[in-house]
Amino acid sequence: MHPALEVYDLLHLIFRFFSPLPDAEADRRTILLSCALTCKAFSQVALDILWECPQSITVMPFASPSQYEEFLNPGGRDLEAYSNHIERLRFYGKRVQTLRIHSKLTRQLLECLVRLQDTHSSSPDVPSFMATIFPRATTLDVISSGLDIQTNLVTERIRIFLSPTIKQLFLRCPAWPGQHDLEILLGSVVNTKPHLTSINLHLGPSPSPKTDNHSLSPGLSAGVSQLLQLPDLEILDLPLQLLDQSSFIAISGLYHLKQLRLAHPTEMQSKFFNLPSLISDRISFPENSFPNLQDLTIDTQFVHLDDVLYMHPALTSHITHLSLYSVSPLGSNTLKDLFPPLASAALPCLTHLTLGVGSLLLTSDSAKDGVTLRFLEPLLTSPLATHLTNLRFRHGAPLNVTDEEYDTIARSLPNIETLHFEVPVNRGPRMVQITRRRCIRSSLAALISFALHCQKLRAIALTVDAETQPVPELLDDEFTAIETHAVDVDMSISPVGDNLQDLATFFAKLFPDRRSQLTSSGYYAKRLRPFKEMVEVNGVLPADVAAVHSGRWKYVDELARQIRGS
């Protein structure tokens, strides 16, 4: 064996490429298992990656409830078998970083684990039993139902597995909890006195959205207010249905809170509902509300985004990163209400903006044309635009923007460093399918505008027509290239023709820094193959046209690198 393969860090870097992914086409765990069984040098590294994030806590080699009864019975305990079992648990448990707990953890096994916990943790100074089994666990993911909460199953699960090493907690309830269920759920978390820095609370849609008022039941409101007893929280993810005056005041007092996400479930956004005023002007807030909040994310119906964003000045006074998402159709809406002329006063520190909005209705006339400059104009004419350094815009329909309109966008964003106009593929209902019949009105000349007017630009993603539109000619006396730093250009979903050499010359001259590159971070990146390896079958290229275009851009990048180096 080569000595390099005996270096743990090097093997860990190699095996990390086989780590399981949620959306992986094939289960990579079998590859890691084969590596673990190959030799002793591979075993420890492969097992560390394989067990760091198991799909369920039940894959751990727990004993059966009857065996635990024998272990815990002083008269009939088999000390050797018990010791071997604990060592086996620790062998795998020391690698686990994420604990996932759900209904497969039966009541009988849970009762045995409770007894183990109580037996080993007779003193507050003694580490809990699960803390000794999972010493590196930092994330706990608990999935529960209303029945689990009412029968105290969730309370026991949290008490056992919420060890001092856990920093991030996910609480998932597929159904909307009862009146006092949430209070019980969060109360069980607070009572363990954890050292949490992040809580993500995901609840199912409420039975009926509030239409007349937004007063929550005492149990729900009191449950959220208990978060004040976790002063170290830095990241908080809450359903918008839980936000009322008392709960909003409670989370505003979390001094270390840096990231806040407020969202309605997708199922709720698909139906129209009225969102009344969440915060009354007569309510007084603490002077130092949200003192360290820097990152705010709101996910709700598009017509309600501005209501949540501007519900109180304290919410936006310090944020530098703002993300606004909505899966509901836009219809004829624009960004006028989201970014009025006075928006810069409410968002004085904003530098990073992400807009992820739903598609246009399939039946609307604008769906056939895509998104025009009219939709973005309120943002571009606002003083906010001059302060933005990062702008990401995702939409279900392509941007219907000309080269001249892209020039207007470039002039409005003088300090932009990262600009992404992303067009996601059709992933669900109401999303507009990207088809070849929809003409792209912009060409590569749009990139020239950004290179001229955005001298701080470091990354850009656009959809342009490089297939039928000619490659622009760059004149030395009219153009000043960005020479001081590299620029990453993502064209992976833009159609491209056969004039690859001309394209490579264009990009090498437009972005002459040798570190500049044509990246492939788009949707089709994982399906890329080098263009020169795409063989024709009966004179026809592969049917996936998007994969062909991505492969061509990859080849253009290789040619451009050669030109810059010559």
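Residues numbered from 1 in each chain as written. Predicted model: local features only at pLDDT ≥ 70, side-chain atom pairs only at ≥ 80, totals over all residues. Heavy atoms only, no water.

(A) Quick look at helix 19 (residues 403–412). Taken together, the buried positions of helix 19 are occupied by Y406, D407, I409, A410 and S412. Lining the buried residues of helix 19 we find helix 18 (373–380), strand 11 (418–422) and helix 20 (445–453). (Buried < 20%, exposed > 50% of the residue type's maximum accessible area, 1.4 Å probe, protein only. Helix = DSSP H or I, 4+ residues; strand = E, 2+ residues; numbered from the N terminus. Contact = heavy atoms within 4.5 Å.)

(B) Structural view of helix 3 (residues 40–51). If you check helix 3, its first and last C-alpha atoms are 17 Å apart, about what 12 residues at 1.5 Å a residue would give, namely 16 Å. Of all 12 residues that make up helix 3, nine are buried, and the element is covered over most of its length. Of all the residues in helix 3, the buried ones are F42, S43, V45, A46, L47, D48, I49, L50 and W51. In the core, the buried residues of helix 3 are packed alongside helix 1 (8–15), helix 2 (29–36) and helix 5 (79–93). (Expected span 1.5 Å × (residues − 1).)

(C) Structural context of the confidence of the model for the protein. The predicted model of the protein averages 77 in pLDDT, with 74% of residues at 70 or higher. Within the protein, strand 7 (residues 295–299) carries the highest mean pLDDT (95), whereas helix 17 (residues 365–369) carries the lowest (49). Ignoring residues within four places in sequence, the model shows residues 425–437, a span with pLDDT below 50, making 30 contacts including any to other chains. Predicted confidence is poor over residues 521–543, with pLDDT under 50, and the contacts of this stretch with residues over four places away or in other chains come to 35 contacts. (pLDDT = per-residue confidence, 0-100.)

(D) Examining the environment of T139 more closely. The topology assignment puts T139 in strand 2 (residues 139–143). Residues T139 and L162 lie 23 residues apart in sequence; the distance between their C-alpha atoms is 9.0 Å. Setting aside its immediate chain neighbours within four residues, T139 contacts Q97, T98, L99, I166, Q168 and F170.

(E) Region of interest: the packing of aromatic side chains. The full count for this structure, using the stated rule, is 11 aromatic pairs. Between Y406 and F450 the ring centres are 6.0 Å apart and the planes differ by 65°, which places this aromatic pair in the edge-to-face class. A residue pair is termed long-range when its members are at least 10 positions apart, and Y406 in helix 19 and F450 in helix 20 qualify at 44 residues. Take Y406 and F450: they sit in the same class, and that class is buried. Through pairs of rings, three or more aromatic residues link up here, namely F302, F375, F393, Y406, F421 and F450. Seen from the ring of F91, R95 lies directly overhead, with NZ or CZ sitting 4.6 Å from the centre. (Phe/Tyr/Trp six-rings, centres within 6.5 Å; stacked < 30°, edge-to-face > 60°. Lys NZ or Arg CZ within 6 Å of the ring centre and 35° of its normal.)

(F) Highlighting the environment of A137. Counting through the fold element by element, A137 comes out in the loop between helix 7 (129–133) and strand 2. We classify A137 as buried; its relative accessible area is 1%. In sequence terms A137 and P164 are 27 residues apart; their C-alpha atoms lie 9.3 Å from each other. Setting aside residues no more than four positions away along its own chain, A137 makes contact with V96, Q97, L99, T165 and I166.

(G) Structural context of the nonpolar core. Core analysis: the largest hydrophobic core is formed by 147 residues, its most contacted members being F161, I251 and F507. Residues in contact with I251, not counting those within four places in the same chain, are V224, L227, L236, L238, L243, L257, L260 and F290. (Core = buried A, V, L, I, M, F, W, Y, C linked by side-chain atoms within 4.5 Å.)

(H) Molecular detail of the side chain of D299. By the secondary structure assignment, D299 is in strand 7. Given a relative accessible area of 12%, D299 falls into the buried group.

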